[in-house]
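Examining the three-dimensional arrangement
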Amino acid sequence: MDPVSQKLTSILSASYSDADIRDALSVLDSRLSQNTPDSRRQLRIDVQADVIQTNASIIHEFTKIAEQLKQIGSALNVMNKACQDMRQHISAASSETAPILEEANTLMTQKQQVETKEQLLSAFTEHFVVSDEDIYILTSSAELVDDRFFQILGRVKAIHEDCQVLLANENQRAGLEIMEQMTKHLHAAFQKLYRWIQREFKHLSLENHQVNAGIRRALRVLAERPTLFQSCLDFFSEARRKILLQSFFDALTGSEQEIASGVAKPIELYAHDPLRYIGDMLAWLHSATVSEQEALEVLFISGEESSIAKSIETGLASEPWEEGFNAKESLMMLVDKNLESVCKPLKSRVEQVIASHDDSTLAFRISNLINFYRLTFEKILGKESNLLEMMRNMEQFALRQFQNNLQDHVRQVQADLPQVPQDLSPPEFLQDALKELRLLMLSYDSSLTPPAEKEAEFMAILVEALDPYLKGCESLSNDLRPPLSHIFMTNCLLASKATLEQFSFTKARIASLDNSLEKHITALVAHIHIYTLESSGLQPLLQALAEWDRKSAPLSQIPEFSPHSLSQISQKLDHFLPSALMDAQNQLQKLLSPKTVSTIIQQASDAFINEFATVEQVLVGDDGIEFARAIWPRTTEEVKVLLS
């Protein structure tokens, strides 16, 4: 390819959008005004001249820079030498100050360790050391038991517990020494608290329910030492026993203030009325028990959310040989213990009253009264208490006296049994016994004995209060002939049953009386039945029928069934039937129960009608007598009408 073509190709391939080309063309345009060969040659020369001139300027400038660089090099050499000298001086100084710096670092480390130990010692002292002033407040009897005392006591207890952390470390000496000191301080503090509570108890009045909150707080804290707490309670109980005993005597005879003011109503005024006298004493005891319970609840439980119980449980946890603690049960035991002083004089007075009266009804009513209060106290104090044991003993004493009085009266009655009354009514001793029995049942019915147990318990009383008198009636009836003996015993049993039927707890005994009554009523029915057979003339006919053999002889050949005999018996029957009921009633006229008389006559009449029907059936039957109706006109229906 020729040069022209190459140039054309190069020109055509050039991109005029390139910034460098545009800049070059712009410079060329400013330098070349005319596009002639001379101007183009001159352009080359001018450009080369510009390049040479520019290079010369650059070389001149670099010469200046080179001279400055030489100056800088000289300055650097001087500085290097100065730095070298300084390094030598610094190295020498470092060699001289190294021990001093090392010692300073050691001292700084020691200072930090000392400061740390000082902080630890300060914290340790603040937490584990109690000041002499606080120890004096805690242990001195001259100082009051106030909030400050309890705060210090709480801090000492916390220190004692935190000593467990010290004992867990390798060095246990500090923990042991501090724990020993705190134990000593705690012991002295609890002793001081114990003595303070005792002094407060001497002047404490439970009749005022506004009990000092400080005493409750002190008791709560002292409860953590069960032994001291129990000793404190024993001291308190002893004081309360004296107070309650004096209160009981004041209630019996009247206090000096009441006597002076003229408003005294001592219980002893009613000693002439045994039931009221004993009832008033038991009512006072019940009132004192409830008041004591409420006062002790205020002192030991209310307002503290049972914290005393929790404190005692905490104390018992450190004494594993002690049993668990029940706040309610312990409170009731304390109430029972406080009332022990009243039990003995109360028991002696009650037993003296019971023993001085021979009225069995009174003794039983007193036993029921004691039973009522015993069950009431059982709900308050529980089943196991000295007061309940005393009540049970008094109740048993009253029941024994009741039984002894009954037995004495029974012996008197049996020693001199009276004659049976002419009207066969219950004898006077049975009527008196039933009156007393009714009073006994009225008293027993008001008792708090559970209904399911009443009947079984009262059966033993009936054995003493009723059975001996019924046996006395049986002895009297042995002297009478039937049916008078049966009428007499029926009257006695009916009177006894009427008395027992008024109460619901005598059903079993009523059933037993019904069995005895049934025997005597059956005997009376048999007596009236025989009387009607004999009075009506049917007896010979029935005997003959019983001996008759149908195969050996016809009925007409029996003498009793001859027309003449049957005619006479029929006339006798006609004479008997109109007045049969009246005659039977006359036989039972001394029987006091019209209903029983009616029952006996009805049963005897039914038996008579059945036997009359038997005779009639034989007479008019196939084996009967010819023309029987002419001789025996009465029919069974007619007899039923006459005996209805």
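Residues numbered from 1 in each chain as written. Predicted model: local features only at pLDDT ≥ 70, side-chain atom pairs only at ≥ 80, totals over all residues. Heavy atoms only, no water.

What to know about the packing of helix H20 (residues 507–536) against helix H22 (residues 563–576)
So the rule is basically this: Lines fitted to C-alpha atoms define the axes, with helix axes restricted to the stretch in contact, and inter-axis angles between N-to-C directions lie between 0 and 180 degrees. Helix and strand definitions follow DSSP, with helices as H or I runs of at least four residues and strands as E runs of at least two, each counted in order from the N terminus. For classification purposes, an angle smaller than 35 degrees is called roughly parallel, one larger than 145 roughly antiparallel, one from 65 to 115 roughly perpendicular, and anything else oblique. A contact between two residues is defined here by any heavy atoms of the two lying within 4.5 Å. Put simply, Ala, Val, Leu, Ile, Met, Phe, Trp, Tyr, Cys and Pro go in the nonpolar bin, Asp, Glu, Lys and Arg in the charged bin, and everything else, Gly too, in the polar bin.
Here H20 crosses H22 at 125 degrees, and the two axes come no closer than 8 Å. With respect to H22, the axis of H20 lies oblique. Residue-level inspection shows Thr532, Glu534, Ser535 and Ser536 of H20 in contact with H22, the latter providing Ile569, Lys572, Leu573 and Phe576. Here the contact of H20 with H22 is composed, by residue class, of 3 nonpolar, 3 polar and 2 charged.

Some words on the side chain of asparagine 491
For asparagine 491, the position within the fold is in helix H19 (residues 484–500). Residues in contact with asparagine 491, not counting those within four places in the same chain, are Leu424, Ser425, Pro426, Lys590, Leu591 and Leu592.

Focus: unusual backbone geometry
The omega torsion across proline 482 and proline 483 is 0 degrees, close enough to zero to call that bond cis. As for its position among the elements, proline 483 is in the loop between helix H18 (467–477) and H19. Even without being a glycine, leucine 424 presents a positive backbone phi close to 60 degrees. Following the sequence through the fold, leucine 424 ends up in the loop between helix H15 (386–415) and helix H16 (428–445).

Quick notes on the environment of glutamate 616
Note the cut-off: Residue burial is assigned from relative accessible area. The probe radius is 1.4 Å, only protein chains are included, and a residue is buried under 20% of its type maximum, exposed over 50%, and partly exposed in between.
Along the chain, glutamate 616 turns up in helix H24 (residues 594–620). Overall, glutamate 616 belongs to the buried group, its relative accessible area being 10%. Each C-alpha atom, one on glutamate 616 and one on threonine 635, is 7.3 Å from the other, the two residues being 19 residues apart in sequence.

Description of the packing of aromatic side chains
What counts is decided by this rule: We call Phe, Tyr and Trp rings a pair once their centres come within 6.5 Å, taking the six-membered ring for Trp, and we label the pair stacked below 30 degrees between planes, edge-to-face above 60, and tilted otherwise.
Summed over the entire model, instances satisfying the criterion amount to 14 aromatic pairs. Plain terms: the ring middles of phenylalanine 149 and phenylalanine 150 are 5.4 Å apart, the flat faces sit at 80 degrees to each other, and that makes the pair edge-to-face. Pair check on accessibility: phenylalanine 149 and phenylalanine 150 agree, each one buried. When the ring of phenylalanine 364 is compared with that of phenylalanine 402, the centres are 5.1 Å apart and the planes differ by 45 degrees; the resulting orientation is tilted. Of this pair, phenylalanine 364 sits in helix H14 (residues 360–381) while phenylalanine 402 is found in helix H15, placing the two residues 38 residues apart along the sequence. Residue classification places phenylalanine 364 among the buried residues on the basis of a relative accessible area of 1%. By way of ring pairs, the aromatic residues Phe364, Phe402, Tyr444, Phe458, Phe503 and Phe505 are connected into one cluster.

What about the packing of H14 against H15?
In plain terms, the rule: Should the near helix be turned counterclockwise from the far one by less than a right angle, the crossing is left-handed, whereas a clockwise turn marks it as right-handed.
Between H14 and H15, whose axes approach to 8 Å, the crossing angle comes to 165 degrees. Taken together, the axes of H14 and H15 lie roughly antiparallel to each other. Here the hand of the crossing between H14 and H15 comes out left-handed. Of the residues in H15, those touching H14 at Ser360, Ala363, Phe364, Ile366, Ser367, Ile370, Asn371, Tyr373, Arg374, Phe377, Glu378 and Leu381 are Leu387, Leu388, Met391, Arg392, Met394, Glu395, Ala398, Leu399, Gln401, Phe402, Asn405 and Leu406. Split by residue class, the contact of H14 with H15 holds 15 nonpolar, 5 polar and 4 charged.

Some details on helix H4 (residues 132–139)
Every α-helix carries 3.6 residues per turn, so stepping three or four residues along brings you back to the same face. The cut-off we apply is this: Within this analysis, the arc is defined by the directions that extend from the helix axis to the C-beta atoms.
Three or more residues of H4 are buried, namely Asp134, Ile135, Ile137 and Leu138. Within H4, the buried residues cover an arc of 160 degrees as seen down the axis, which keeps them to one side. Exposed side chains of H4 directed beyond 90 degrees from the buried face belong to Asp132 and Glu133.

Section: a nonpolar patch on the surface
Applicable threshold: Only residues whose relative accessible area exceeds 30% and that take part in no salt bridge are eligible for patches, with like-charged residues grouped when within 9 Å of each other and nonpolar side chains (Val, Leu, Ile, Met, Phe, Trp, Tyr) grouped when within 5 Å. Exposure was quantified through the Shrake-Rupley algorithm and a 1.4 Å probe, taking into account, for residues, occlusion by the shown protein chains and nothing else. For salt bridges, the criterion is a side-chain nitrogen of Lys or Arg within 4 Å of an Asp or Glu carboxyl oxygen.
Together, Ile58, Phe62, Ile65, Leu69, Ile72, Leu76 and Met79 line one region of the surface with nonpolar side chains, adding up to about 670 Å² of accessible area. With respect to the secondary-structure elements, leucine 76 resides in helix H3 (residues 37–128).

Notes on H20
Applicable threshold: Expected helix span is computed as 1.5 Å times (number of residues minus one).
Given a rise of 1.5 Å per residue, 30 residues ought to cover 44 Å, and the 42 Å separating the end C-alpha atoms of H20 matches this to within 8%. In the segment just after H20, glycine 537 is the residue with positive phi, at about 85 degrees.

Examining the nonpolar core
Short version of the rule: In plain words, nonpolar cores are sets of buried Ala, Val, Leu, Ile, Met, Phe, Trp, Tyr and Cys residues tied together by side-chain atoms within 4.5 Å.
If you look at the biggest cluster of nonpolar residues, it comprises 74 residues, and the most contacted ones within it are Leu193, Ile197, Met281 and Leu285. At 11 residues, the largest contribution of residues to this core is made by helix H6 (residues 173–202). Those residues in contact with leucine 285 that lie beyond four places of it in its chain are Leu339, Val342, Leu346, Phe377, Leu387 and Met390. Counting 47 residues, the second-largest nonpolar core is a separate cluster that includes Leu470, Cys473, Phe488 and Leu588.

Some points on the pattern of salt bridges
Going through the model one piece at a time under the given rule, you end up with 16 salt bridges. The partner of glutamate 268 in a salt bridge is arginine 349, with the nearest N and O atoms 3.8 Å apart. With glutamate 268 in the loop between helix H9 (256–261) and helix H10 (274–300) and arginine 349 in helix H13 (residues 340–355), this residue pair connects regions lying 81 residues apart in the sequence. A relative accessible area of 23% places arginine 349 in the partly exposed class. A salt bridge links arginine 374 to glutamate 378; its shortest N-O distance comes to 3.7 Å. One end of the pair is arginine 374 and the other is glutamate 378, both in helix H14 and 4 residues apart, which spans about a single turn. The buried category is assigned to arginine 374, whose relative accessible area is 14%. Each of Arg374, Glu378 and Glu395 takes part in one network of salt bridges that share partners.

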